[in-house]
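Read off the chains here:
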Amino acid sequence: MRLAARIVFRSVVCTLVVIAGVLFFRHVGHFNATTVALSFLLAVLVVSTVWGFWYAAFLALISTLAFNFFFLPPVGTLTISDPQNWVALFAFLLTAVIAGQLSERARREALRANERRTEIERLYSFSQRLLTIESVPELLNQVPRNISDIFGARGAAIHLSGRPDVYRSSAQTSELESQRLQMVATRGGPEIDSAKGLAFAPLRLGVRTIGAFGISGAALSHESMDALSTLIAIAIERTNAIENIGKAEAAREHEKLHSAILDSIAHEFRTPLTAIKASVTSLLAGGLSAGQQNELMTVVDEESDRMNHLVEEATQLARLESNQVELDREPHQIGDAVQKALDATRKAIAGRSVKVTIAPELPPLNFDLELISNVLSQLLENAAKYSPPDSEINISAVRNKAEVVVSVADRGAGIDELERSLIFDKFYRGKDNRFSVQGTGMGLAIAKAIIEAHGGTVTVTSQLGHGSVFSFTLVDRNYSVDQSSSVVTLTS
Ligand code: ADP
């Protein structure tokens, strides 16, 4: 209906142009036939450039008739007396039609060039967006949405061979049926359904087809569909490659970590063994004074204790990891565990200011007093080991909804982000103190296993140069929602 109205309107305008021309040339001044013909020709060229060939042909026809009727003798009839005028009339008609065709062609080419430019701009912006994506699942989620955003499509969908899912720009893209996408991927050829405004194309990498995509409600040229197909396929290949490189990198890091761990264990066992061996060799060689003998015996005694401790820790960890430890859970105040840990680590924290802050209304919690105080001892010993001898250590316990959070904070060097994710792994020891501070790398792993056996979690926050805070949670099973907390400070 709109097309018909447009045809009628433009035809009427063409007719009015001819009528206006005739009125002007007949009544305003005196013009010869050549001037009239050239003016009509100009009108034909303008119409053909603006509206296309068919309107120009229509205008050429009616202006030929009007030219003949009003300007070629005998005027007022459609007959022509002079044969020369026949030639002039046909030359006019032919020139009008040819010129109309030429300018129509130029118009169409300009239009096509414009469309191409827009498509190239869109493809460019699409490729830019693809470059920012680094994982295949994200790419599959983003591609359909980007196609419909950038190309103004009603919907878009993508399917990768070997994967069951179809990724869509929105839920309303059921017209892009999964079976059809799978068929296009299997056949490897494009499919256009102009009646429904659908277009499907395979995703091709050279001769290999890796999937298919479909667009509804946007008429893209063959070239653009091909370019889209290649762009998407390359982006998928690229993100796959990035992911593989990431995995290889992670595997390499894991390998490095493994050997660091082995180094550290070997070092921990070798140090006491070397000392014992050297002492025993000297003792066997004889010729030592009673004092020297005593000194060497003490070394053997201390170093065997250290090895014993190592083996004990390893056994405890193995038992915790295989769930062989039975928790002796009884209601206890968290303050009791703190006190027990302070007693046990008296030697390690000697000479330090240790501040204890426990929220007053904390309820008794169900935990294994021995094991939780071991965890606190471990955290306290670490705080003492990894911070300056005269710096303060803070212990706190507060309620956080249904949990009680217990923290040990020190003013040490802190732990960098990478190490924060590794220190709870068994045998991992910080790279800066692996060989300078004695340890086994098992303390935090044991603490974590104990807390997890109680249903809690252990975390660390740290600021380089300012210190670290190790926290663990214990669940209060009798917690009801309307309970709130306040804190008072006690100093030990
Ligand atoms: P160990 O102390 O025997 O090395 P842990 O499992 O207790 O083993 O700790 C693992 C690593 O975590 C330590 O080697 C150290 O690098 C780091 N770490 C633990 N506690 C602290 C702390 N309070 N401050 C800084 N680093 C710490």
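Going by the structure above, here's the rest.
A quick note: this is a predicted structure, and the numbers were derived from the prediction, not measured.

Our focus in this paragraph is the overall build of the chain. For the chain, the helix and strand inventory stands at twelve helices and twelve strands. Against the compact-globule benchmark of 23 Å for 492 residues, the chain has a radius of gyration of 44 Å, which places it well outside the compact range. Counting only residues that meet the buried cut, the chain has 40% of its 492 residues in that class. Taking the contacts inside the chain whose residues are at least 6 apart along the sequence as the reference set, 66% of them involve residues at least 24 apart. Both charge centroids of the chain, one from 46 positive and one from 52 negative side chains, sit 12 Å from each other.

Attention now moves to the packing of helix 8 (residues 290-321) against helix 12 (residues 443-453). At a minimum axis distance of 10 Å, the contact between helix 8 and helix 12 shows a crossing angle of 30 degrees. In terms of orientation, helix 8 lies roughly parallel with respect to helix 12. Handedness of the crossing formed by helix 8 with helix 12: left-handed. Counted together, Glu-313, Gln-316, Leu-317 and Leu-320 of helix 8 and Gly-443, Ala-445, Ile-446, Ala-449 and Ile-450 of helix 12 form the full contact between these two elements. When the residues that make up the contact of helix 8 with helix 12 are grouped by side-chain class, the tally is six nonpolar, two polar and one charged.

What follows deals with the sheet that holds strand 2 (residues 166-168). Pairing in this open sheet of five strands is antiparallel, and the strands run 2-1-5-4-3 from one edge to the other. Here the strands that pair on one side only, and so sit at the sheet edges, are strand 2 and strand 3 (191-193). Averaged over all pairs of adjacent strands, the angle between their axes in this sheet comes to 20 degrees, without regard to strand direction. Note: strand 4 (residues 198-205) against strand 5 (residues 208-216), eight bridges, orientation antiparallel. Of the residues in strand 5, the one forming a bridge with Leu-198 is Ser-216. On top of the sheet, helix 5 (residues 136-150) reaches strand 1 (155-160), strand 2 and strand 5; it is set at about 150 degrees to strand 1, its chief contact.

As a further point, take helix 2 (residues 33-51). Between the first and last C-alpha of helix 2 there are 27 Å, a value that for 19 residues agrees with the 27 Å anticipated at 1.5 Å per step. Of all the positions in helix 2, only Val-36, Ala-37, Phe-40, Leu-41, Ala-43, Val-44, Val-47 and Ser-48 are classed as buried. On an axial view of helix 2, the arc spanned by its buried residues comes to 160 degrees, and they lie on one face. In this structure, helix 2 carries Thr-34, Leu-38, Leu-42 and Val-50 as exposed residues pointing more than 90 degrees from its buried face. Of the residues flanking the end of helix 2, it is Gly-52, one or two places downstream, whose phi is positive at about 105 degrees.

This part covers the site of the ligand. The environment of the ligand is made up of 20 residues, and the closest members are Tyr-386, Asp-410, Arg-429, Thr-440 and Leu-444. In this structure, a nitrogen atom belonging to the ligand sits 2.8 Å away from a side-chain N or O atom of Asp-410. Here Leu-444 contributes a backbone N or O atom positioned 2.8 Å from an oxygen atom of the ligand. Protein chains shield 97% of the accessible area of the ligand, which is 530 Å² for the free molecule. Elements represented by at least two residues in the shell around the ligand include exactly helix 10 (369-385), helix 12 and strand 12 (467-475). When residues in the shell around the ligand are grouped by element, the largest group, four residues, is from helix 10. Its residues assigned to classes, the shell around the ligand comprises eight nonpolar, nine polar and three charged.

Scanning the model with the defined rule gives twelve aromatic pairs in all. Considering the side-chain rings of Trp-51 and Tyr-55, the 6.0 Å spacing of their centres and the 65 degrees angle between planes classify their relative orientation as edge-to-face. What makes Tyr-55 buried here is its relative accessible area of 14%. Their ring planes at 75 degrees and their centres at 5.0 Å tell us that Phe-69 and Phe-70 sit as a pair that is edge-to-face. Since its relative accessible area comes to 30%, Phe-69 is described here as partly exposed. The structure contains a cluster of three or more aromatic residues connected by ring pairs, namely Phe-24, Phe-25, Phe-31, Phe-40, Phe-67 and Phe-71.

Negative phi characterises most residues that are not glycine, and trans characterises most peptide bonds. Across the junction of Pro-73 and Pro-74, the peptide omega takes the value -5 degrees, indicating a cis bond. Of note, Pro-74 is situated in the loop between helix 3 (53-71) and helix 4 (83-131). Despite not being glycine, Lys-401 shows a phi value in the positive range, around 55 degrees. Position of Lys-401 relative to the elements: it lies in the loop between strand 9 (393-400) and strand 10 (403-409). The phi torsion at Phe-427 lies on the positive side, around 70 degrees, for a residue other than glycine. Topologically, Phe-427 is positioned in the loop between helix 11 (417-420) and helix 12.

Calculation rules
Each residue is numbered by its place in its chain's sequence as written, counting from 1. Owing to the predicted nature of the model, reporting of local features is limited to residues with pLDDT of at least 70; listing and counting of side-chain atom pairs is limited to 80 or more, with chain, interface and lining totals taken over all residues. Note that water and hydrogens are dropped before the side-chain values are worked out from all heavy atoms of the structure. In this description a helix means any DSSP run of H or I spanning at least four residues, a strand means any run of E spanning at least two, and both kinds are numbered starting from the N terminus. With the radius of gyration taken over C-alpha atoms, the globule rule is written as 2.2 Å times the number of residues to the power 0.38. Here the term buried applies to any residue with accessible area under 20% of the maximum for its type, exposed to any over 50%, and partly exposed to those in between, with areas from a 1.4 Å probe on protein chains only. By the convention used here, residues are in contact when the closest approach between their heavy atoms is within 4.5 Å. Asp and Glu are treated as the negative residues and Lys and Arg as the positive ones, with His and the ends of the chain left uncounted. Every charge is mapped onto a representative atom, which is NZ of Lys, CZ of Arg, CG of Asp or CD of Glu. The angle between two axes is taken between their N-to-C directions and runs from 0 to 180 degrees, where each axis is a line fitted to C-alpha atoms and a helix contributes only its stretch in contact. Our angle categories are set so that under 35 degrees counts as roughly parallel, over 145 as roughly antiparallel, 65 to 115 as roughly perpendicular, and the remainder as oblique. A crossing counts as left-handed when the near helix is turned anticlockwise from the far one by less than a right angle, and as right-handed when that turn is clockwise. The residue classification treats Ala, Val, Leu, Ile, Met, Phe, Trp, Tyr, Cys and Pro as nonpolar and Asp, Glu, Lys and Arg as charged. All others, Gly included, are polar. DSSP-based pairing: two strands are paired if at least 2 bridges between them are found. The span one expects for a helix is its residue count, reduced by one, times 1.5 Å. Directions are taken from the helix axis to each C-beta atom, and the arc is the one they span. Any residue with a non-hydrogen atom lying within 4 Å of a molecule or strand is treated as near it. The term polar contact refers here to a pair of N or O atoms within 3.5 Å; inside protein, the definition further demands a hydrogen-donor-capable atom paired with an acceptor-capable atom, and it admits residues adjacent in sequence only when both atoms are side-chain atoms. Exposure was quantified through the Shrake-Rupley algorithm and a 1.4 Å probe, taking into account, for residues, occlusion by the shown protein chains and nothing else. Stacked, tilted and edge-to-face are the three classes assigned to paired rings of Phe, Tyr and Trp, where Trp is represented by its six-membered ring and a pair needs centres within 6.5 Å; plane angles under 30 degrees give stacked, over 60 edge-to-face, the rest tilted.

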